[in-house]
Amino acid sequence: MNNVKRFLVIIITIPLSYVLQMLVLPRIPHLVAVPNLLLASVISLGFLYGRTVGLVSGVISGLLLDLVGGGTPGFYTLIFSLLGYADGYLSEKMESEIVLVLIALLLVNMIAFHLYVFVFAFLIGKHFSFLPYLKTVFLPEFILTVLGFLLIYGILLFFSKRWDLKVNKGDVKIV
Amino acid sequence: MIVLDSIKEFFKKVIRHLNVKVALVVVVVLSLVALFLQYFHREDSISFVSVAGAVVIPFQEGVNEIGKFLFDRESERKSISEANAKIDELTKENQALKREIDELGEIRRENAEYRKLLKARERLSEYEVRSASVIGNDGVNIFRRFTVNLGSVDGIEKDMNVINADGGLVGLVSYVGLNYSIVTSIIESGVSISAMTKNGNANCILTGTPTSSEQSLLKLENALVGVDFTNDSTLVTSNISDKYLPNILVGYVTEVTPNADGLTQSGYVKTAVDFTSLKEVLIVCGKKEAAGE
């Protein structure tokens, strides 16, 4: 039963973040960047329920981005599934429940994600320059993603406790 | 019943023996294979996206409508400070326009050439132009590649030109699905356009640069050093371009510097289209071969 509930959580969270990230948030006027909510959801799910859920949610969100966005098939699937698995694995090994540590891990994840995008773009011959990319794309996106991540993580933690879903983490401390 | 039970038993076995690590390896290998396929056959490997597109696109359009309903209203209410900024901007534009009027006398002399251009314009208006909504881009905040809601069912073909409502060049249809198609913008790096000044005096090459795509700038190259871009800054697509129809507005030259070789000059061109917010585009239903000189 627990597995079904977890699967339900994935099936609800991922499409919802996709719709928010790709279709709703870009329409808000004066928003400098769109937070990477899918990445935030994959990380949250991985942290909360371990590597299996992390992998499954990574694959689902990656496929969603690949198949609908018209980009390169397999491109996002690869990085999202790797990150989801890695986060799940970390959460199984790590005892920390501190928010700052979570944010630091989010930062590491986002750096990995953007490095991947960067290197891949380099491989197929599109040359970005590093500093402008950091300033105009990465920083605004990171700040907004932190907010989105905390929101998603909080909501998931709240509902997991209500529905008696076993999670790897207990109460969250601020520092 | 026995069959059902054995199937159930089989799945239980599979699930029991399913290792996360194995699953990870399978996923990674599959995506790597997909990536390599894409890398070596850029044109045809994208075709299996069609199936997913047919299912997801209608859903996406629905959500798009909801998004429009929620936020487009909100964006109509603009703050006073923004309105003031707009006034400033318009005053500046007004001054620029006055200057332009002064130049008009000179331009009148070139009337004959403009008449030729007009003929070309009319040729473009012979084509059917279809309006399409943008329903998704490739995940970045800038519209380098995006999906529109018309596909092969609606008569869209590959390499059709895409313009915006003001007639500025947006890009080319690069892939056509059943009920959607993907447009590659002119700011996508590596895309280059053969352009000329509005009166056809000079040809040059415009190339998309990834670094400056947020300001919608294109790189200008291969222009002869004698060409005066300050008085004649409007660039349109050239007659000799292989995919773009002639005389579509591309952008305005913002700066030029002579090259070290002393023969050519290069610089930057601001596109006529704002690539940070595309909602509706027009697809010109006619291709370069059909234009016929």
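In what follows, the structure referred to is the one given above.
The notes below deal with the structure included here.

## Some thoughts on the packing of helix α1 (residues 2-24) of chain A against helix α2 (residues 37-49) of chain A
Residue and element names in this part refer to chain A.
- α2 packs onto α1 with a crossing angle of 160 degrees between their chain directions and a minimal axis gap of 8 Å. On the basis of their axis angle, the class for α1 and α2 is roughly antiparallel. Crossing geometry of α1 relative to α2 is assigned as right-handed. Residues R6, V9, I10, T13, I14, S17, Y18, L20 and Q21 of α1 form the contact with α2, whose own contacting residues are L37, L38, S41, V42, L45 and Y49.
- Taken together, the residues of the contact of α1 with α2 break down into ten nonpolar, four polar and one charged.

## Considerations on the sheet that holds strand β11 (residues 264-271) of chain B
- Reading around the barrel, the six strands line up as β6-β7-β8-β11-β10-β9 (chain B) and close back on themselves, with antiparallel pairing between neighbours. With strand direction ignored, the average angle separating the axes of adjacent strands in the sheet is 40 degrees.

## A few points about unusual backbone geometry
Residues and elements named next belong to chain B.
- Even without being a glycine, N222 presents a positive backbone phi close to 60 degrees.
- Structurally, the position occupied by N222 is in strand β8 (residues 217-224).
- The class of N222 is exposed, set by a relative accessible area of 53%.
- Phi at N247 is positive, roughly 65 degrees, even though this residue is not glycine.
- Looking at the element boundaries, N247 is found in the loop between β9 (234-237) and β10 (249-258).
- The buried category is assigned to N247, whose relative accessible area is 5%.

## Section: the side chain of Q21 of chain A
All names here are of chain A.
- For Q21, the location among the structural elements is in helix α1.
- A polar contact is formed between the side chain of Q21 and the backbone nitrogen of L37, at a distance of 3.3 Å.
- Of the polar contacts made by the side chain of Q21, one reaches the backbone nitrogen of L38; its length is 3.0 Å.
- Excluding residues within four positions of it along the chain, Q21 makes contact with P26, V34, P35, N36, L37 and L38.

Rules and cut-offs
- Residue positions are counted from 1 within each chain, in the order its sequence is given.
- For naming, the first written chain is A and the first written ligand is 1, with later ones following in the order written.
- In keeping with the predicted nature of the model, local features appear solely for residues at pLDDT of at least 70, side-chain atom pairs appear and are counted solely at 80 or more, and the whole-chain, interface and lining totals rest on all residues.
- The side-chain values count all of the structure's non-hydrogen atoms but skip hydrogen atoms and water molecules.
- Lines are fitted to the C-alpha atoms to define the axes, a helix being fitted only along its stretch in contact, and any angle between axes, read from their N-to-C directions, falls within 0 to 180 degrees.
- Secondary structure elements are defined from DSSP: runs of H or I of at least 4 residues count as helices, runs of E of at least 2 residues count as strands, and each element is numbered from the N terminus.
- Each angle is binned into one of four classes, with values under 35 degrees roughly parallel, values over 145 roughly antiparallel, values of 65 to 115 roughly perpendicular, and all other values oblique.
- Crossing handedness is defined as follows: a turn of the near helix away from the far one that is anticlockwise and smaller than a right angle gives a left-handed crossing, while the clockwise case is right-handed.
- Any two residues having at least one pair of non-hydrogen atoms within 4.5 Å are treated as being in contact.
- Any residue outside Ala, Val, Leu, Ile, Met, Phe, Trp, Tyr, Cys, Pro, Asp, Glu, Lys and Arg is labelled polar, Gly included; the first ten of those are nonpolar and the last four are charged.
- Criterion used throughout: strands pair if DSSP finds at least two bridges between them.
- Summary of the burial criterion: residues with accessible area below 20% of their type's maximum are buried, those above 50% are exposed, and those between are partly exposed, where the area comes from a 1.4 Å probe applied to protein chains only.
- Polar contacts, as counted here, are pairs of nitrogen or oxygen atoms within 3.5 Å of one another; within protein the pair requires one atom able to donate a hydrogen and one able to accept it, and residues that are adjacent in sequence qualify only if both atoms are side-chain atoms.

By themselves, these observations are geometric and do not establish any function.
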